[in-house]
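Topology and contacts: notes
What follows is each chain in one-letter form.
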Amino acid sequence: MSSETYAAEVAALQIDEAQREALTLRDVAMLSEAMGGRAAMMCMIWAPDQEPAREDENLPDGDEQGEEESPQE
């Protein structure tokens, strides 16, 4: 599709100005924001023989969430 055809197609859409500008600039983040989308999404898939790690599993010892280091005397 030529850039002139694309611009004409975008101009013909019945959308608000923020969405039109995002489409014209071909800015995915701007379009997502204009449409109330999420900032980022992530899809995680584990192999059948794997289990997801616990959130605190990768933290060094003593750094688990909610734990405070005891003062050393």
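Residues numbered from 1 in each chain as written. Predicted model: local features only at pLDDT ≥ 70, side-chain atom pairs only at ≥ 80, totals over all residues. Heavy atoms only, no water.

**Considering the overall build of the protein chain**
A tally of helices and strands in the protein chain yields three helices and zero strands. Shown N-terminal to C-terminal, the secondary structure of the protein chain runs as helices and strands in the order α-α-α. Within the protein chain, the proportion of its 73 residues that are buried is 7%. Summed over its atoms, the accessible surface of the protein chain is roughly 7,000 Å², and 51% of this surface lies on carbon and sulfur atoms. (Helix = DSSP H or I, 4+ residues; strand = E, 2+ residues; numbered from the N terminus. Buried < 20%, exposed > 50% of the residue type's maximum accessible area, 1.4 Å probe, protein only. Areas by Shrake-Rupley, 256 points an atom, 1.4 Å probe, with all protein chains shown as cover.)

**Examining the confidence of the model for the protein chain**
Of all residues in the protein chain, 67% attain a pLDDT of 70 or more, and the chain-wide mean is 78. Helix α3 (residues 28-34) is the least confidently modelled element of the protein chain, averaging 90 in pLDDT, while helix α2 (residues 17-25) averages 94, the highest of any element. (pLDDT = per-residue confidence, 0-100.)

**A look at the environment of tyrosine 6**
Topologically, tyrosine 6 is positioned in helix α1 (residues 3-12). As for tyrosine 6 and threonine 24, which are separated by 18 residues in sequence, their C-alpha atoms are 8.2 Å apart. For tyrosine 6, the side chain forms a polar contact with the main-chain oxygen of leucine 23, separated by 2.6 Å. (Polar contact = N/O pair within 3.5 Å; in protein donor to acceptor, adjacent residues only side chain to side chain.)

**Description of a nonpolar patch on the surface**
Together, Met42, Met44 and Trp46 give the surface a local cluster of nonpolar side chains, amounting to about 390 Å² of exposed area. By the element assignment, methionine 44 lies in the segment after α3. (Patch = residues over 30% accessible without salt bridge, like charges linked within 9 Å, V, L, I, M, F, W, Y side chains within 5 Å. Salt bridge = Lys/Arg side-chain N within 4 Å of Asp/Glu carboxyl O.)

**Regarding the pattern of salt bridges**
All chains considered together, the criterion is met by one salt bridge. The partner of glutamate 17 in a salt bridge is arginine 20, with the nearest N and O atoms 3.9 Å apart. In this pair, glutamate 17 and arginine 20 are both assigned in helix α2, three residues apart and thus about one turn of the helix distant. Judged by relative accessible area, which is 56%, glutamate 17 ranks as exposed. Among the residues examined, arginine 20 registers a relative accessible area of 19% and is labelled buried.

**Thoughts on the side chain of glutamine 19**
With respect to the element layout, glutamine 19 can be found in helix α2. Glutamine 19 sits in the buried class, given a relative accessible area of 15%. Once you skip the residues sitting within four places of it in the chain, glutamine 19 turns out to touch Leu31, Ala34 and Met35. (Contact = heavy atoms within 4.5 Å.)

**Looking at unusual backbone geometry**
Not every positive phi belongs to a glycine, and arginine 26 is a case in point at roughly 55 degrees. Tracing the backbone shows arginine 26 in the loop between α2 and α3.

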